Each structure stands twice: as structure tokens, then as C-alpha cells.
Amino acid sequence: SLFGELMAAPFVSILMGSDSDLPVMEKTCQILKKFDIPYEVRIYSAHRTPEDTKQFVVEAEDRGCAVFIAGAGLSAALPGVVAAYTTRPVIGVPIDTGPLQGVDALLSMVQMPPGIPVATVAIGSVGARNAGYLAAQMLGMIDESLAAKIKQERLDNAQIIRDKNEGLSI
Ligand code: RP5
């Protein structure tokens, strides 16, 4: 079954509209790498290569892609177009490029019509990191050891915050 295939070798597809998005989307890669989650990175543009984008998404789903993460700036149609061609979860990362610094991309990707959701995270690097965590949590639903790693990081982060009190000199 398809679910069985997903359990066997789930991976994440990270897409971006241009190589100029890569410095931000590398933050997503770092999080997935930390949790040993297999991923692939590709450049597809909803506006510049629309046919290629469709073909990639359909084939990636067939190959067993469990979650798509799409970063784009400006008009930022990419995550929405990916979502149009798959029923796998799609996470959108608004890239902080251009004169509106990512507010344009945020509003574009968060305002999807009912039935075609894009889970839109914060603008720029912070959102790119959270896209990685969100995908990890999704895959954690079918991978107990991954879920345990995520929980352990939460505990570690809590301790780091507690320890900051000890270091306060005011
Ligand atoms: C968007 O246009 C891309 O996602 C990128 O953020 C922005 C600029 O692209 P380039 O002109 O740098 O290729 O489609």
C-alpha cells in the first residue's frame, strides 16, 4: 500500500522558486539533516517553469514524498501550485526578498482558497527553520524514534532557557 511505502522510506521534497532563495531554505535543510530525515532540494518556479513544476510534484508524490516544503518570494505562487497537484501536506516559506521584504509572499501563500491549504510559516530564516520542525513533527507521527528526538530537543531547549536565569547579571 502507499501508506506502507511511506512508512518504509518517507522523504521531504524542498522546492524553491529560484536559487536566490537558497540561503534561506538552507535553514530548512539544516533542521531536516539534524533529525536524519531524507530530503531532496529542487528549483521550480510556478511562474517561470509551470509545466515542469506540475510534473515534478506528481512524480514526487508517486516516489513517496511525504511532505512538500516550498519557499518563494514576491508573488510566491509556488507553494499554492504544489498544493494544487498533491494531497500531501505542503508547508510554505515566505522568502524576504524585494521591496516588501516577504510580506507580499506571506499574504500570497497564507491566503489559499478552502480545500487547498498551505501551512504557511513565518517570513525568512525563522520560518524556514520551523518548516523543517513542522515536517519533522509530521513524519514523527509514523516514526517513534524521530518523535522521541523531537521531544528530547524540546526538553534540552527548556533547560537552556532555565540556565539563562543563572547567567543573568542584572
Ligand atoms: C520568486 O522570485 C523566487 O522565489 C525568488 O524569491 C524571487 C526572485 O527570483 P530571482 O529573480 O532571484 O530568480 O519567484
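Look a little higher up for the structure.
The rules we used
Residues numbered from 1 in each chain as written. Predicted model: local features only at pLDDT ≥ 70, side-chain atom pairs only at ≥ 80, totals over all residues. Heavy atoms only, no water. Near = heavy atom within 4 Å. Polar contact = N/O pair within 3.5 Å; in protein donor to acceptor, adjacent residues only side chain to side chain. Areas by Shrake-Rupley, 256 points an atom, 1.4 Å probe, with all protein chains shown as cover. Patch = residues over 30% accessible without salt bridge, like charges linked within 9 Å, V, L, I, M, F, W, Y side chains within 5 Å. Salt bridge = Lys/Arg side-chain N within 4 Å of Asp/Glu carboxyl O. Helix = DSSP H or I, 4+ residues; strand = E, 2+ residues; numbered from the N terminus. Buried < 20%, exposed > 50% of the residue type's maximum accessible area, 1.4 Å probe, protein only. Pairing = 2+ DSSP bridges. Right-handed = clockwise from strand over helix to strand, strands pointing away. Axes fitted to C-alpha atoms, helices over the stretch in contact; angles between N-to-C directions. Parallel < 35°, antiparallel > 145°, perpendicular 65-115°, else oblique. Contact = heavy atoms within 4.5 Å. Nonpolar A, V, L, I, M, F, W, Y, C, P; charged D, E, K, R; others polar. 1 Å grid on protein atoms, 1.4 Å probe; cavity = no way out; pocket = protein on both sides within 12 Å on 5 of 7 lines; lining within 4 Å. Points joined across faces, edges and corners; volume = space filled by probe spheres on them.

1. Focus: the site of the ligand
Piece 1. In the region of the ligand, the neighbouring residues are Gly17, Ser18, Ser20, Asp21, Arg48, Ala72, Gly73, Leu74 and Thr97.
Piece 2. In the model, an oxygen atom of the ligand is placed 2.6 Å from a nitrogen or oxygen of the serine 18 side chain.
Piece 3. Within the side chain of serine 20, an N or O atom sits 2.7 Å from an oxygen atom of the ligand.
Piece 4. Relative to its free-state accessible area of 370 Å², the ligand is covered by the protein chains to the extent of 73%.

2. A few points about a nonpolar patch on the surface
Piece 1. Judged by side-chain polarity, Leu100, Val103, Leu107 and Val110 come together as a nonpolar surface patch covering roughly 350 Å² of accessible area.
Piece 2. Note that valine 103 resides in helix 5 (residues 103-110).
Piece 3. The exposure class of valine 103 is partly exposed, given its relative accessible area of 41%.

3. Points about the pairing of strand 1 (residues 11-16)
Piece 1. The buried count for strand 1 comes to 6 of 6 residues, which makes it a mostly enclosed element.
Piece 2. Residues of strand 1 alternate between two faces, with Phe11, Ser13 and Leu15 on one and Val12, Ile14 and Met16 on the opposite face, all of them buried.
Piece 3. The sheet contact formed by strand 1 and strand 2 (residues 39-43) spans 5 bridges and is parallel. From the neighbouring strand, methionine 16 faces strand 2, where its bridge partner is isoleucine 43.
Piece 4. Each parallel crossover has a hand, and the one from strand 1 via helix 2 (residues 22-34) to strand 2 is right-handed.

4. Here's the deal with the packing of helix 6 (residues 124-140) against helix 7 (residues 144-167)
Piece 1. Direction vectors running N to C along helix 6 and helix 7 enclose 135 degrees, while the axes themselves pass 8 Å from each other. Compared by their axis directions, helix 6 and helix 7 come out oblique. Contacts between helix 6 and helix 7 pair Tyr133, Ala136, Gln137, Leu139 and Gly140 from the former with Glu144, Leu146, Ala147, Ile150, Glu153 and Arg154 from the latter.
Piece 2. Residue classes in the contact of helix 6 with helix 7 are distributed as 6 nonpolar, 2 polar and 3 charged.

5. So, the sheet that holds strand 2
Piece 1. Strand order in the open sheet made by the 5 strands is 2-1-3-4-5, with parallel pairing throughout. With one partner strand each, in any of the chains shown, strand 2 and strand 5 (119-120) form the two edges of the open sheet.
Piece 2. Here 2 bridges tie strand 4 (residues 90-94) to strand 5, and the two strands are oriented parallel to one another. Its bridge partner being in strand 5, glycine 92 is matched across the sheet by threonine 120.
Piece 3. Contacts between helix 3 (residues 50-63) and the sheet are confined to strand 1, strand 2 and strand 3 (65-72), with strand 3 contributing the most and set at about 150 degrees to the helix.

6. A few points about the pattern of salt bridges
Piece 1. Enumeration according to the criterion identifies 3 salt bridges in this entry.
Piece 2. Between aspartate 36 and lysine 149 there is a salt bridge; the shortest N-O distance is 3.4 Å. One end of the pair, aspartate 36, is in the loop between helix 2 and strand 2; the other, lysine 149, is in helix 7, with 113 residues separating them in the sequence.

7. A few points about the layout of surface pockets
Piece 1. Space inside the largest pocket adds up to approximately 300 Å³.
Piece 2. For the largest pocket, the lining is made up of 16 residues, of which Gly17, Ser18, Arg48, Gly73 and Leu74 are closest to its centre.
Piece 3. Here the residues of the lining of the largest pocket sort into 6 nonpolar, 8 polar and 2 charged.

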